[in-house]
Amino acid sequence: MKHKLTLKLVPLLLLVPLVAVHGADAPAKKVANGRLMFRVQQLHLDNNEGCAIADFNQDGKPDISAGEFWYPGPDFKTQKPLRKLNVQPPDYLTNNGEHAWDVNGDGWPDIISGSFVETEIYWYENPKAEGLTKGELWKKHVLIDTKLSQNEWTESRDLDGDGVPELIVNSWNEANPAMVYKLGKSDQGEPILKPWVIHEGGAGVNGHGIGFGDINGDGLEDIIFGNGWYERPKQDAGTKPWNLHRDWNFPHASCPMLVVDLNGDGRNDMIWGHGHNYGLYWEELREDNKDGSTNWRHHLIDDRFSQPHALVWEDLDHDGQPDLITGRRFKAHSGNDPGDSEPGVIYYFKWNKEKQTFQKFPVAENGPGIGLQIRIVDLDANGWKDIVCAGKSGTHILWNDGK
């Protein structure tokens with residue numbers, strides 16, 4: 001049967017002040033769990049919820065960007081200015097995701113970023129060696145005015161296989177069109193984004209949550225979202241409309257949702273979290289229904305922490321099997337979601353294919369939570385992938401020291 005869930009959106013009411021804490025003032029702590037050892041390093045405390053990782057100063061070491069600042073590696077203890085962000089009431093900063101990419105082709109990674117309500121998507125130009133040394137703000141450029149608001153999240157992903165990532169915008173407004181934006185050049189040679197319409201607007205064509213993967217087993221990557229999935233055309237995917245299948249309705253689904261063949265039956269399953277309530281789930285894809293719609297069996301992973309708004313599927317412990325990394329998006333609806341009085345948490349979950357169950361392990365509890373993006377990179381080149389996340393509990397590095 002089709003799996004149907006619904007939930008009414010909770011209004012935003014509370015205002016949380018922004019407080020700055022420099023990374024050097026937040027000493028790293030060692031957190032022990034049954035499998036891996038993590039150290040927690042806070043870089044900053046504000047309400048920014050996006051982050052990216054790239055070698056911004058071209059010294060051969062990864063750096064971190066997070067909202068208004070960037071942090072040079074390898075110790076990430078120096079805070080450098082990047083841009084100014086406005087406060088969006090009640091307690092958000094105007095950043096619903098940031099992505100590192102060399103937009104102008106000068107060899108220096110820039111930042112692409114948008115916001116929840118603003119309709120423009122910007123790129124922030126890396127000032128290169130001299131400007132970075134002086135602490136200059138990065139020059140702000142408009143890539144496109146999308147004319148669309150109510151933007152939940154953005155993802156940078158190469159959908160057409162040309163080696164250049166597109167920007168995908170997810171909207172919580174179910175009537176907004178499903179949109180992708182391709183990097184290109186204006187007639188004057190300036191970087192711009194060109195719109196690529198996946199599906200025109202209408203009831204239920206968009207909705208909270210998005211992910212990518214092959215749902216129908218044709219070898220082509222489809223797009224999933226809170227209200228169903230878009231089937232990629234066999235040819236000319238960049239010009240032909242994608243077929244909409246309204247096969248489910250998940251309330252406030254995570255960004256991203258994950259598409260993974262968990263049980264090894266050759267069919268891709270889904271993992272998703274309830275971004276504004278308790279609930280982390282996986283959906284088992286079975287034989288299609290008689291009417292041709294997809295058929296899913298619903299499984300609970302965990303319902304003991306709320307707001308798993310962002311998910312990542314990466315191998316943290318070197319066993320060759322990716323792990324599920326998520327946590328509580330701290331005060332995602334400004335204190336109005338279930339569980340918002342509880343402290344931030346970050347976990348990883350190990351999948352057992354034989355038992356078809358997940359086992360939970362803590363990364364950090366009673367403090368750090370997640371925001372809109374979780375980045376997984378081996379920052380210190382010790383062979384173990386680290387975790388970077390930015391949210392209203394602050395921007396943190398979770399250093400993975402292994403077993």
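Thresholds, definitions, all that
Residues numbered from 1 in each chain as written. Predicted model: local features only at pLDDT ≥ 70, side-chain atom pairs only at ≥ 80, totals over all residues. Heavy atoms only, no water. Pairing = 2+ DSSP bridges. Helix = DSSP H or I, 4+ residues; strand = E, 2+ residues; numbered from the N terminus. Axes fitted to C-alpha atoms, helices over the stretch in contact; angles between N-to-C directions. Core = buried A, V, L, I, M, F, W, Y, C linked by side-chain atoms within 4.5 Å. Buried < 20%, exposed > 50% of the residue type's maximum accessible area, 1.4 Å probe, protein only. Contact = heavy atoms within 4.5 Å. Salt bridge = Lys/Arg side-chain N within 4 Å of Asp/Glu carboxyl O.

Enquirer: Sorry if this is basic, but what is going on with the sheet that holds strand 11 (residues 110–113) here?
Expert: What links the strands of a sheet is backbone hydrogen bonding, and the strands pair in either a parallel or an antiparallel sense. Strands sit in the order 10-11-12-13 across an open sheet of four strands; the sheet is antiparallel. If you trace the sheet from one side to the other, it starts and ends with strand 10 (98–101) and strand 13 (139–145), each paired once. For this sheet, the mean inter-axis angle between neighbouring strands, taken without regard to orientation, is 25 degrees. Two elements, strand 11 and strand 12 (residues 120–125), share three bridges in a ladder whose sense is antiparallel.

Enquirer: Is there a simple way to think about the nonpolar core in this case?
Expert: The nonpolar side chains of a soluble globular protein tend to be buried with one another. Core analysis: the largest hydrophobic core is formed by 20 residues, its most contacted members being Leu 159, Ile 198, Ile 223, Tyr 230 and Trp 242. Elements with a contribution of two residues or more to this core: strand 16 (178–185), strand 17 (191–199), strand 18 (210–213) and strand 19 (222–225). In this structure Ile 223 touches Leu 159, Ile 198, Ile 210, Gly 211, Phe 212, Gly 228, Trp 229, Tyr 230 and Trp 242, once residues within four positions along its chain are discounted. By size, the runner-up hydrophobic cluster in this structure holds 19 residues, among which are Phe 38, Ile 376, Trp 384 and Ile 387.

Enquirer: Which parts of the structure should I look at to understand the pattern of salt bridges?
Expert: Between side chains of opposite charge, a pair can form as their charged atoms come close. Across all of its chains, the model carries 23 salt bridges by this definition. Where Arg 329 meets Glu 49, a salt bridge forms, and the shortest distance between an N and an O atom there is 2.6 Å. Linking Arg 329 in the loop between strand 28 (323–327) and strand 29 (344–352) with Glu 49 in the loop between strand 3 (37–44) and strand 4 (52–54), this pair joins segments that are 280 residues apart in sequence. Assigned by exposure class, Arg 329 and Glu 49 land together as buried. For the salt bridge of Asp 317 with Lys 350, the shortest nitrogen-to-oxygen distance reads 2.8 Å.

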